[in-house]
Amino acid sequence: MKKVVIFIYGAIAYIIFLIAFLYAIGFVGNIYVPKTIDSGTEPSIMNAILINLVLLSVFALQHSIMARPAFKKRFNAIFSQAMERSTYVLLSSLALILIYWQWQPITTIVWDVENEIGGYILTGIFFLGWLIVLLSTFMINHFELFGLAQIFDNLKNKQTAHPKFQTNYLYKLVRHPIMLGFLIAFWATPVMTIGHLLFSIVTTLYIIIAVKYLEEKDLKKFIGEDYETYQKEVPMIVPFTKIKS
Ligand SMILES: C[S@@+](CC[C@H](N)C(=O)[O-])C[C@H]1O[C@@H](n2cnc3c(N)ncnc32)[C@H](O)[C@@H]1O
């Protein structure tokens, strides 16, 4: 019975993640969804910056703290290990929904590509970014990354294996294609407002810090020498650059 409850919990967490992920495309791209990065009533610029920084910090803290091995160990000592990834996915999605809900627009325009073809190209690059994110999750292990493998294996009394260390496909081009996809999607826009720019700058800084000082530190500890060789051979986020770390 407990395993079925955990399964339902994980399935609900995944559905909420899917909704939050799809909403993110509309939110950042100012398309399809009711509340976007540039819509809503505009408060004073200082209030908007302050509230938006708090919202992004909530996401960054949740995301970074819950991804650390020490946190996972504590979680698993109290709850079923099968719930750990789903809980991470659920709380990340809720933090995203909080951003969509409370984000304060600052609509002063930084750039506006009026050329129609230029606009289409940037929109195309924007969607390409999201596609890179989605495809890269499958290159690691989409179902493990979002907790589905764990809740399925738990039903079958099986321990979920760690995803294989991936160095092929997009992971041959850069060490962090998922983050590369996000960066492309956040920056490629025909119309950049101050609010969107704030979002892009803060998320870019967060991604670089989190990847370099948190995720790679854990990966080096977990994978060892093979990861260090990988760092020497493959650029971190920008393809074809010589800067490896
Ligand atoms: C949200 S994913 C982001 C992965 C990577 N930073 C990226 O941008 O593609 C985070 C998980 O991916 C795992 N991971 C990172 N690089 C990996 C690789 N080359 N092969 C397998 N798993 C990896 C990390 O251990 C972590 O559990």
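Predicted model, so just to flag it, every value in this text is computed and none were measured.

Thresholds applied
Residues numbered from 1 in each chain as written. Predicted model: local features only at pLDDT ≥ 70, side-chain atom pairs only at ≥ 80, totals over all residues. Heavy atoms only, no water. Helix = DSSP H or I, 4+ residues; strand = E, 2+ residues; numbered from the N terminus. Rg over C-alpha atoms; globule rule 2.2 N^0.38 Å. Buried < 20%, exposed > 50% of the residue type's maximum accessible area, 1.4 Å probe, protein only. Contact = heavy atoms within 4.5 Å. Areas by Shrake-Rupley, 256 points an atom, 1.4 Å probe, with all protein chains shown as cover. UniProt positions renumbered as here; feature names shortened; annotations may be inferred. Near = heavy atom within 4 Å. Polar contact = N/O pair within 3.5 Å; in protein donor to acceptor, adjacent residues only side chain to side chain. Nonpolar A, V, L, I, M, F, W, Y, C, P; charged D, E, K, R; others polar. Phe/Tyr/Trp six-rings, centres within 6.5 Å; stacked < 30°, edge-to-face > 60°. pLDDT = per-residue confidence, 0-100. Expected span 1.5 Å × (residues − 1).

1. Notes on the overall build of the protein
Now for step 1: A tally of helices and strands in the protein yields 10 helices and two strands.
Now for step 2: Starting at the N terminus and ending at the C terminus, the protein contains elements arranged as α-α-α-α-β-α-α-α-α-β-α-α.
Now for step 3: For 245 residues, the compact-globule estimate of 2.2 N^0.38 gives 18 Å, and the C-alpha radius of gyration of the protein, at 19 Å, lies within 12% of that figure.
Now for step 4: Structurally, the protein occupies a C-alpha span of about 55 × 45 × 30 Å along its principal axes.
Now for step 5: A burial count over the protein gives 43% of its 245 residues as buried.
Now for step 6: For the protein, long-range pairs separated by at least 24 residues make up 77% of all intrachain contacts whose partners lie at least 6 apart in sequence.
Now for step 7: Split by element, the accessible area of the protein, about 13700 Å² in all, is 70% carbon and sulfur.

2. As for the UniProt feature "transmembrane region" (unreviewed entry) in the protein
Now for step 1: Within this structure's numbering, the places UniProt gives as "transmembrane region" (unreviewed entry) are residues 7-33, 45-65, 86-103, 123-148, 169-188 and 194-214.
Now for step 2: The distance from the first to the last C-alpha atom of residues 123-148 is 32 Å, and the span holds 88% helix and 0% strand.
Now for step 3: As a span, residues 169-188 carries 55% helix and 0% strand, and end to end its C-alpha atoms are 23 Å apart.

3. Topic: the site of the ligand
Now for step 1: Around the ligand sit Ile-140, Leu-145, Lys-164, Phe-165, Gln-166, Tyr-171, His-176, Pro-177, Ile-178, Met-179, Glu-215 and Leu-219, and those are all the residues in its vicinity.
Now for step 2: With respect to the ligand, the side chain of His-176 contributes an N or O atom lying 2.7 Å from a nitrogen atom.
Now for step 3: A distance of 2.7 Å separates a nitrogen atom of the ligand from a polar side-chain atom of Glu-215.
Now for step 4: Compared with its free state, where it exposes 570 Å², the ligand has 83% of that area covered by protein.
Now for step 5: Those elements that place two or more of their residues in the shell around the ligand are helix H8 (177-187) and helix H9 (194-223).
Now for step 6: The greatest single-element share of the shell around the ligand, amounting to three residues, is contributed by H8.
Now for step 7: The class makeup of the residues in the shell around the ligand is eight nonpolar, two polar and two charged.

4. Structural notes on the packing of aromatic side chains
Now for step 1: A complete count under the given rule lists 21 aromatic pairs for this structure.
Now for step 2: An angle of 25° between the planes, with centres 4.9 Å apart, marks the rings of Tyr-23 and Tyr-100 as stacked. On the criterion of sequence distance, the pair formed by Tyr-23 in helix H1 (residues 2-29) and Tyr-100 in helix H4 (residues 84-102) is long-range, its members being 77 residues apart.
Now for step 3: The exposure class assigned to Tyr-100 is buried, which follows from its relative accessible area of 6%.
Now for step 4: Ring centres of Trp-130 and Phe-186 lie 6.2 Å apart, and the angle between their planes is 70°; on these two criteria the pair is classed as edge-to-face. Within this pair, whereas Trp-130 is found in helix H5 (residues 116-140), its partner Phe-186 is found in helix H8, the two being separated by 56 residues in sequence. Here Trp-130 and Phe-186 have matching classes, each one buried.

5. Some thoughts on the side chain of Ser-200
Now for step 1: Topologically, Ser-200 is positioned in helix H9.
Now for step 2: A polar contact is formed between the side chain of Ser-200 and the backbone oxygen of Phe-186, at a distance of 2.9 Å.
Now for step 3: When near neighbours in sequence (up to four residues on either side) are disregarded, Ser-200 contacts Phe-186, Trp-187 and Met-192.

6. Quick word on unusual backbone geometry
Now for step 1: Positive phi outside glycine occurs at Tyr-32, with the angle close to 65°.
Now for step 2: Inspection of the secondary structure assignment puts Tyr-32 in the loop between H1 and helix H2 (45-67).
Now for step 3: One non-glycine residue, Tyr-169, lies in the positive phi region at around 50°.
Now for step 4: Position of Tyr-169 among the secondary structure elements: in the loop between helix H7 (148-155) and H8.
Now for step 5: For Tyr-169, a relative accessible area of 60% corresponds to the exposed category.

7. Considering the confidence of the model for the protein
The predicted coordinates ought not to be read in detail in places where the model reports low pLDDT.
Now for step 1: Residue-level pLDDT values for the protein average 96, and 98% of them are 70 or greater.
Now for step 2: Interface scoring of the predicted complex returns ipTM 0.98; its pTM is 0.96.

8. Details of H4
Now for step 1: The end-to-end C-alpha distance of H4 is 27 Å, a good match for the 27 Å that 19 residues give at a rise of 1.5 Å each.
Now for step 2: Among the residues of H4, those classed as buried are Glu-84, Arg-85, Ser-86, Thr-87, Tyr-88, Val-89, Leu-90, Ser-92, Ser-93, Ala-95, Ile-99 and Tyr-100.

9. Considering the UniProt feature "domain: NnrU" (unreviewed entry) in the protein
Now for step 1: Residues given the UniProt feature "domain: NnrU" (unreviewed entry) here are residues 54-189.
Now for step 2: Along residues 54-189, the helical share is 67% and the strand share 3%, with 24 Å between the first and last C-alpha atoms.

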